[in-house]
Amino acid sequence: MSPPLGLALRWMECIIAVAIIQGTLELFAIRTTFADDGIWRWSTLRRELRWLQPVLAYRAFLGVLLVRLLAASLLLSGVRGATVPILWVATLFVNVRFLGTFNGGSDSMTMVVLSGLVVAHVGAPWPLLVQSALLYVAVQSLMSYFIAGCVKLKNREWRQGTALRSFVASPQFGAPEFVRQRLASTAMARTASWCVMLFECTVPLALAGPTTALVIISVASVFHLGNVAVFGLNRFFFAWGATWPAIWYMSGQLE
Amino acid sequence: MSASGIGVLAILALVLAVVAMLPRVEVQHPAIALVRVLIPSWRFFDDISESPLLLARVATLGAPFGPWFPVLPPPRRALRDLLWNPGGNLALACNALVDHLVSDLADFDESGAIRAEELVSYQLVLNLVRSTLAARSQPATGIRLQFKLAERASTTTSTPSDVMISLEHGL
């Protein structure tokens, strides 16, 4: 059985709030990198972002992060009102400050969830609008797995397992040594690649029903935990986790 | 799910699969690139070419440059990464900066209207090198630095080839 609409929405709010709190605290931890003598120093970015100086110069940007942290904490404690629109704007500012995104796909999925929540909150008096917002989040999430699976299937290196082995061996990810050693075997690398592609391409089957959805969400959580362990993609776990209640809910509606 | 529902889902999946097979289209306009977080592509790990290696070398006043050394150390994985991984995410963002510079250099305007060192992505990578060097060594006057991007060696015996070498800069 899938959760009721209100409960699914609340779970989405809580998980995305945790994701944003965690991501914002991490940004505070590396604030020297966007200070006035850091990597993303304002004097370099000013050329492209001059018109946003009042919100994106170093001290103002710390204020944006603080507002984002407070709004996410309020959302987690159940305060709605303007919290989600504030989070949407603040999160967009954070990404613009890093000239597009700081953490790639997880930033995009965070915006997808926040966009869905904005529509759901604004359209709260109209259940159809709330349902449409959850459908949007669910479809984006399912598409993210499915498209990623299709582009890998198209690629010969992925089908042979050499692409996965190459990513795992790359020093830029710092994958654990035992994973590198395991995937040094051609058979193991090929098996792991096909498991990833098979999983990603079959995720849309979650819409077949709540039980199937729960099974696929369980596999997805293991998949994302694996990505944390191997590639350090922890923000993806929370950003995608916030979409799972929408998938579970929609699986019950389309049954 | 009903048979018609499965049919609709299958058609949607087919359309998506066809779209996913099309070549990636990069957004070029700077204003749109700034808000690309709103236009996800979901093509994770489709580009199997590795990011080039970022190397730097330094010279003290009046001395020749020392050997090239890697600027970005591999991130270390730990159990706490799930909840707390600022260093790992920073490392990924720094690698994305290098990729951004490579992409900008590929689209570089050869007419000479703009020099490579005027690119924002070049300046950001220079900031990255300066920040890393400043964190590693004591500040001193007259230090010069240079950085380069090199393709990663495909085997342990082959030598990485240079993608670009920067001008000399002060620390």
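Before reading on, note that the structure itself is shown above.
Now for a look at the structure at hand. (Residues numbered from 1 in each chain as written. Chains lettered and ligands numbered in written order. Predicted model: local features only at pLDDT ≥ 70, side-chain atom pairs only at ≥ 80, totals over all residues. Heavy atoms only, no water.)

## Description of the overall build of chain B
A tally of regular secondary structure across chain B gives 4 helices and 5 strands. Overall, chain B shows an N-to-C arrangement of helices and strands of α-α-β-β-α-α-β-β-β. Put simply, chain B has 171 residues, and 33% of those count as buried. For chain B, the accessible area works out to roughly 9800 Å², and carbon and sulfur atoms hold 64% of it. (Helix = DSSP H or I, 4+ residues; strand = E, 2+ residues; numbered from the N terminus. Buried < 20%, exposed > 50% of the residue type's maximum accessible area, 1.4 Å probe, protein only. Areas by Shrake-Rupley, 256 points an atom, 1.4 Å probe, with all protein chains shown as cover.)

## Quick word on the overall build of chain A
A count of helices and strands for chain A gives 14 helices and 0 strands. For chain A, the succession of helices and strands along the chain, N to C, is α-α-α-α-α-α-α-α-α-α-α-α-α-α. For 255 residues, the compact-globule estimate of 2.2 N^0.38 gives 18 Å, and chain A sits close to it at 20 Å. Projected onto its principal axes, the C-alpha coordinates of chain A cover approximately 55 × 50 × 25 Å. The 255 residues of chain A split such that 59% are buried. Pairs at least 24 apart in sequence give 72% of the contacts found in chain A among residues at least 6 apart. A total accessible area of about 10100 Å² is found for chain A, and carbon and sulfur atoms account for 69% of it. (Rg over C-alpha atoms; globule rule 2.2 N^0.38 Å. Contact = heavy atoms within 4.5 Å.)

## Structural notes on empty space enclosed by the protein
All names here are of chain A. Tallied over the full model, the rule gives 2 cavities of 30 Å³ or more. Of the voids in this model, the largest cavity is the one considered here, and its volume is about 180 Å³. Residue lining of the largest cavity: 16 residues in total, with Ala19, Arg68, Asp107, Thr110 and Arg235 positioned closest to the centre. Of all the elements in the fold, those that place two or more residues in the lining of the largest cavity are α1 (5–29), α5 (83–97), α6 (105–122) and α13 (234–241). Broken down by element, the lining of the largest cavity gets its largest block of residues, 5 residues, from α1. (1 Å grid on protein atoms, 1.4 Å probe; cavity = no way out; pocket = protein on both sides within 12 Å on 5 of 7 lines; lining within 4 Å. Points joined across faces, edges and corners; volume = space filled by probe spheres on them.)

## Some remarks on the interface of chain B and chain A
Interface extent is often summarised as the accessible area lost during association of the parts. Contacts between chain B and chain A engage 50 residues on the former and 71 residues on the latter. Taking both partners together, chain B and chain A bury about 5500 Å²; carbon and sulfur atoms supply 69% of that area. Here chain B and chain A share 0 salt bridges between them. The interface formed by chain B and chain A includes 18 residue pairs in polar contact (both at pLDDT 80 or more). (Buried area = accessible area lost by both parts, 1.4 Å probe. Salt bridge = Lys/Arg side-chain N within 4 Å of Asp/Glu carboxyl O. Polar contact = N/O pair within 3.5 Å; in protein donor to acceptor, adjacent residues only side chain to side chain.)

## Digging into the side chain of A:Thr101
Note that A:Thr101 resides in the loop between α5 and α6. Here A:Gly104 takes part through its backbone nitrogen, which lies 3.3 Å from a polar atom of the side chain of A:Thr101. Residues contacting A:Thr101, with those up to four places away along its chain left out, are A:Asn95, A:Asp107, B:Arg36 and B:Val37.

## Comments concerning helix α12 (residues 210–231) of chain A
Residue and element names in this part refer to chain A. End to end, α12 covers 30 Å across 22 residues, agreeing with the expected 32 Å (1.5 Å per residue, within 8%). Those residues of α12 lying buried are Pro210, Ala213, Ile216, Ile217, Ala220, Ser221, Phe223, His224, Asn227, Val228, Val230 and Phe231. Of the residues flanking the end of α12, it is Gly232, one or two places downstream, whose phi is positive at about 75 degrees. (Expected span 1.5 Å × (residues − 1).)

## Focus: the packing of aromatic side chains
On inspection of all chains with the given rule, the structure shows 24 aromatic pairs over all chains. Summarising the aromatic geometry, the rings of A:Phe231 and B:Phe45 are spaced 5.1 Å apart at their centres and angled 35 degrees between planes, so their arrangement reads as tilted. Here B:Phe45 lies in the loop between α2 (30–34) and β1 (53–59) and A:Phe231 lies in helix α12, a pairing that spans two chains. The class of B:Phe45 is partly exposed, set by a relative accessible area of 22%. Following the ring pairs from residue to residue traces out a cluster consisting of A:Phe34, A:Trp40, A:Tyr58, A:Phe61, A:Phe98 and A:Phe102. Above the face of the B:Phe65 ring, B:Arg144 is positioned so that its terminal group lies 5.0 Å from the ring centre. (Phe/Tyr/Trp six-rings, centres within 6.5 Å; stacked < 30°, edge-to-face > 60°. Lys NZ or Arg CZ within 6 Å of the ring centre and 35° of its normal.)

## Looking at the pairing of β1(B)
Note on strand geometry: in a regular strand, side chains alternate between the two faces of the sheet. Residue and element names in this part refer to chain B. Bridge count for β1 against strand β3 (residues 144–150) is 7 bridges, and the pairing is antiparallel. Each bridged residue has a counterpart across the sheet, and for Arg57 the counterpart in β3 is Gln146. In terms of strand pairing, β1 meets strand β2 (residues 69–70) through 2 bridges, oriented antiparallel. From the neighbouring strand, Ala56 faces β2, where its bridge partner is Phe69. (Pairing = 2+ DSSP bridges.)

## Thoughts on the pattern of salt bridges
Residue and element names in this part refer to chain A. By the definition in use, this model includes 9 salt bridges over all chains. The salt bridge involving Glu13 is made with Arg80; its shortest N-O contact spans 2.7 Å. On the criterion of sequence distance, the pair formed by Glu13 in helix α1 and Arg80 in the loop between α4 (58–76) and α5 is long-range, its members being 67 residues apart. For the salt bridge of Arg235 with Glu26, the shortest nitrogen-to-oxygen distance reads 2.9 Å.

## What to know about the layout of surface pockets
Residue and element names in this part refer to chain B. Approximately 590 Å³ is the volume attributed to the second largest pocket. Lining of the second largest pocket is provided by 29 residues; of these, Pro73, Gly87, Leu90, Ala91 and Cys94 occupy positions nearest its centre. Per-element tally for the lining of the second largest pocket: the top contributor is helix α3 (residues 86–106), with 7 residues. Of the residues assigned to the lining of the second largest pocket, the class counts are 15 nonpolar, 9 polar and 5 charged. (Nonpolar A, V, L, I, M, F, W, Y, C, P; charged D, E, K, R; others polar.)

## Thoughts on helix α2 (residues 42–49) of chain A
Listed in full, the buried residues belonging to α2(A) are A:Trp42, A:Thr44, A:Leu45 and A:Leu49. For α2(A), the angular spread of buried residues about the axis comes to 150 degrees, placing them on one side. For α2(A), the secondary structure elements touched by its buried residues are α3 (53–56) and α5 of chain A together with α2 and α4 (120–136) of chain B. (Arc of directions from axis to C-beta.)

## A closer look at a nonpolar patch on the surface
A cluster of nonpolar residues, B:Ile11, B:Val15, B:Val19 and B:Leu22, forms a patch on the protein surface that exposes about 360 Å² of accessible area. Mapped onto the elements of the fold, B:Leu22 is located in the loop between α1 (3–21) and α2. (Patch = residues over 30% accessible without salt bridge, like charges linked within 9 Å, V, L, I, M, F, W, Y side chains within 5 Å.)

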